[in-house]
Amino acid sequence: MSKELNLATPGKELVRSLSNLETTKNDVVQRSYLRSLFIVITCTAAMVVNISNTTSVSISLPAIQKGLAIQEDQLQWLVSAYSLSSGCLLLYFGRLADLYGRKKAFMAGTLCQVAFSLACGFAQDGLTLAVLRGFQGIGGAATIPSALGILAHAFPPSRARSIAFATFAAGAPVGGAFGTIIGGVLTQVTSTHWRSVFYLAAATSAFTGVTGLISFDADAPSSEVVKRVDWIGASLVTTGLVLIVFVLGQGEIASDGWKTPYIIVLLILGVIMLALFIVWEWKLERIIDGDPSRATSMWTPPPLMKVSLWTRAKGRMAVILVIAFLNWSAFIGWSFWVQLYYQDYLLLTPVKTMIRFIPMFIVGCLCNFFVAMVVAKLPLVIFIGNGTLLTAAAAMLFALINPTVTYWAFGFPSTVLIVFGADFVYSSGTIFIAKTSLPHEQSVAGALFQTMTQIGTAFGLTISTIVFNTVVDKESYKLGVTVNSSGTNAPMSAQLMGYKGAQWTSVAFAFMGEYCEFALF
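Engineer: Please clarify how the environment of Gly456 should be interpreted in this entry.
Structural biologist: Position of Gly456 relative to the elements: it lies in helix H15 (residues 442-478). For Gly456, a relative accessible area of 0% gives the class buried. Considering only alpha carbons, one finds Gly456 and Ala324, 132 residues apart in sequence, at a separation of 7.9 Å. Among residues more than four places away in sequence, those in contact with Gly456 are Phe325 and Ser329.

Here it is as structure tokens:
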């Protein structure tokens, strides 16, 4: 079993670890237990805010559609715009954070989220709201990699670091549940309805900004001699990711589907851009490794992302990133289709849907406590393997669901298992990334991990949507019904089979992640 994936060495006591003396090359930082605790709370709250900015809007879409008279096929952009900007700019902002200061990047991202969350609350039409959601996502792209770098810098390898990263990772499923719960309640019971969701996002972002300003250590100077940004690499990877994520979100609803000419062209361009990015980064890394003095040249800056980062720990870094991609595809697919199943198939109100997601929030907190206590005592590969299996089991329960039986038979156990599955993979993945990457590249490495999960989000939703539509069309045809473009005339039995097919897709993603786990031994 890999030594890199085994953190079962004895750790110091939690209080002693959290109030440790951290020694770096240039400075010594002494921190109280309370301040260390608030660093973890603030970074975790940033993750909660980032994830809830997606799920809270998802559950509010029917109300937003009615309030702003948005066409149904354009609704997805209210969700996709945030994911597009936040996911495609992670590497860029991760590099800026490593070079110029993680605290500065975190505060700038928080300020961006506060400003544009408020602006979203005052939007008067769908196009304006979609554009503002894109700018809101830029804040998330700055805060998340910065938070990962701040945690890695604040807590050297120890039990405290394991607890800090486990807590941060729990912010993902907890944020998903928090957004769904709060979004459902605010949309249905407040006078401002869906606008209240954005006002709350602004308030929670402001909270993380204030606590971060108080608790975070001052930015230490970067250990890199040449502090320059690889603008060519940043342009290539950002453009490539934007095109691919756009195609994944638009391909299924384009006029001719995936055969639409602009979908084909943009997909090819996106792939070419990413290929050029990898070649460019590989070339820069080879040039600078051979002659470090060339890093001062205009055309040979330090690479945005070292390609060798993927080969760390004998290639296990790449395996971890692929597993994160696959498991997140399954997790987000599960969340998306379960929510639609409750609202569109069972015809539940937002509040009743929210109630069924409450276990995610409670279990997420309990799961965090469990992972924090045992993650330093067991090999990370155990968490990764069990995480993918639990994710598969959660999706399988909904793939086999019987709508006539009680929620406690399928819905509740699935909701519990999905949290453990997501948290196990996410926490162990972030701990491994922090352990394997170098001090001056913590934010970039964290951004790479986040980018893989964001691409996994778009990929998982796209593939599961294709499966859903295909199954619904096929089952409807068997019943003598030709489904219209909006799918409103599909028989209920065909819709149920479509939801089950989408969940089987999530099962497949999770099992593919489990298969990849064998490469870690």
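Engineer: Looking at this model, I keep getting lost on unusual backbone geometry. Mind explaining?
Structural biologist: In most cases, non-glycine residues show a negative phi, while peptide bonds are predominantly trans. Notably, Ala69 is not glycine yet its phi reads approximately 55°, a positive angle. Although it is not a glycine, Ala313 sits at a positive phi angle of roughly 55°. With respect to the helices, strands and loops of the structure, Ala313 is situated in the loop between helix H10 (261-290) and helix H11 (316-345). Among the residues examined, Ala313 registers a relative accessible area of 14% and is labelled buried.

Engineer: Even after reading the chapter, I still don't get the packing of aromatic side chains, so can you show me in this structure?
Structural biologist: What describes a pair of aromatic rings is the distance from one ring centre to the other and the angle between the planes of the rings. Inspection of the entire model under this criterion finds 30 aromatic pairs. Both rings, one in Tyr341 and one in Tyr499, keep their centres 5.9 Å apart while their planes meet at 85°; by these two values the pair is edge-to-face. With Tyr341 in helix H11 and Tyr499 in helix H16 (residues 492-517), this residue pair connects regions lying 158 residues apart in the sequence. In this structure Tyr499 comes out as buried when scored by relative accessible area, which is 6%. A ring pair is formed by Tyr407 and Trp408, whose centres lie 5.3 Å apart and whose planes are at 70°; its orientation type is edge-to-face. When its relative accessible area of 57% is taken as the criterion, Trp408 is described as exposed. Three or more aromatic residues link up through ring pairs in this structure, and these residues are Trp334, Phe336, Trp337, Tyr341, Tyr342, Tyr345, Phe357, Phe398, Phe468 and Tyr499. The ring of Tyr342 carries the charged tip of Arg356 above its face, separated from the ring centre by 5.9 Å.

Engineer: Looking at this structure, how should I read the packing of helix H12 (residues 350-374) against helix H14 (residues 411-436)?
Structural biologist: Here H12 crosses H14 at 40°, and the two axes come no closer than 9 Å. Viewed along their axes, H12 and H14 adopt a mutual orientation that is oblique. Relative to H14, H12 is oriented so that their crossing is right-handed. For the pair H12 and H14, the contacting residues are Arg356, Pro359, Met360, Val363, Gly364, Cys367, Asn368, Phe370 and Val371 in the first and Phe412, Thr415, Val416, Ile418, Val419, Phe420, Asp423, Phe424 and Ser427 in the second. For the contact of H12 with H14, the class distribution of residues is 12 nonpolar, 4 polar and 2 charged.

Engineer: Please clarify how a nonpolar patch on the surface should be interpreted in this entry.
Structural biologist: A surface patch of nonpolar side chains, amounting to about 510 Å² of accessible area, comprises Tyr33, Leu34, Leu37, Phe38, Ile41 and Phe207. Mapped onto the secondary structure, Tyr33 falls in helix H2 (residues 33-68). Accessibility expressed as a relative area gives 34% for Tyr33, which makes it partly exposed.

Engineer: Where do I start with the pattern of salt bridges in this structure?
Structural biologist: Opposite charge on two side chains allows them to pair when their charged atoms are near. This model, assessed by the stated rule, comprises 5 salt bridges. For Lys104, the salt bridge identified is with Asp219, shortest N-O distance 3.4 Å. Note that Lys104 is positioned in helix H5 (residues 102-121) and Asp219 in the loop between helix H8 (195-215) and helix H9 (231-250), a separation of 115 residues in sequence. Its relative accessible area of 26% is what places Asp219 among the partly exposed residues. One salt bridge connects Lys478 with Glu475, and the closest N-O pair in it is separated by 3.5 Å. Of the two residues, Lys478 and Glu475 both sit in helix H15, 3 residues apart, roughly one turn of that helix. Residue Lys478 is classed as exposed on the basis of its relative accessible area of 57%.

Engineer: Teacher, can you tell me more about the nonpolar core here?
Structural biologist: Nonpolar side chains tend toward joint burial in soluble globular proteins. The biggest cluster of nonpolar side chains holds 119 residues, and the ones touching the most others in it are Leu151, Phe168 and Trp334. At 18 residues, H11 tops the list of elements feeding residues into this core. Phe168 has contacts with Cys43, Thr44, Met47, Ile144, Ala147, Leu148, Leu151, Tyr426 and Gln450, leaving out every residue within four places of it along the chain. Within the second largest apolar cluster, 15 residues are counted, among which are Val57, Leu68, Cys120 and Ala123.

About the cut-offs
- Residues numbered from 1 in each chain as written.
- Predicted model: local features only at pLDDT ≥ 70, side-chain atom pairs only at ≥ 80, totals over all residues.
- Heavy atoms only, no water.
- Helix = DSSP H or I, 4+ residues; strand = E, 2+ residues; numbered from the N terminus.
- Buried < 20%, exposed > 50% of the residue type's maximum accessible area, 1.4 Å probe, protein only.
- Contact = heavy atoms within 4.5 Å.
- Phe/Tyr/Trp six-rings, centres within 6.5 Å; stacked < 30°, edge-to-face > 60°.
- Lys NZ or Arg CZ within 6 Å of the ring centre and 35° of its normal.
- Axes fitted to C-alpha atoms, helices over the stretch in contact; angles between N-to-C directions.
- Parallel < 35°, antiparallel > 145°, perpendicular 65-115°, else oblique.
- Left-handed = near helix turned anticlockwise from the far one by under 90°.
- Nonpolar A, V, L, I, M, F, W, Y, C, P; charged D, E, K, R; others polar.
- Patch = residues over 30% accessible without salt bridge, like charges linked within 9 Å, V, L, I, M, F, W, Y side chains within 5 Å.
- Areas by Shrake-Rupley, 256 points an atom, 1.4 Å probe, with all protein chains shown as cover.
- Salt bridge = Lys/Arg side-chain N within 4 Å of Asp/Glu carboxyl O.
- Core = buried A, V, L, I, M, F, W, Y, C linked by side-chain atoms within 4.5 Å.

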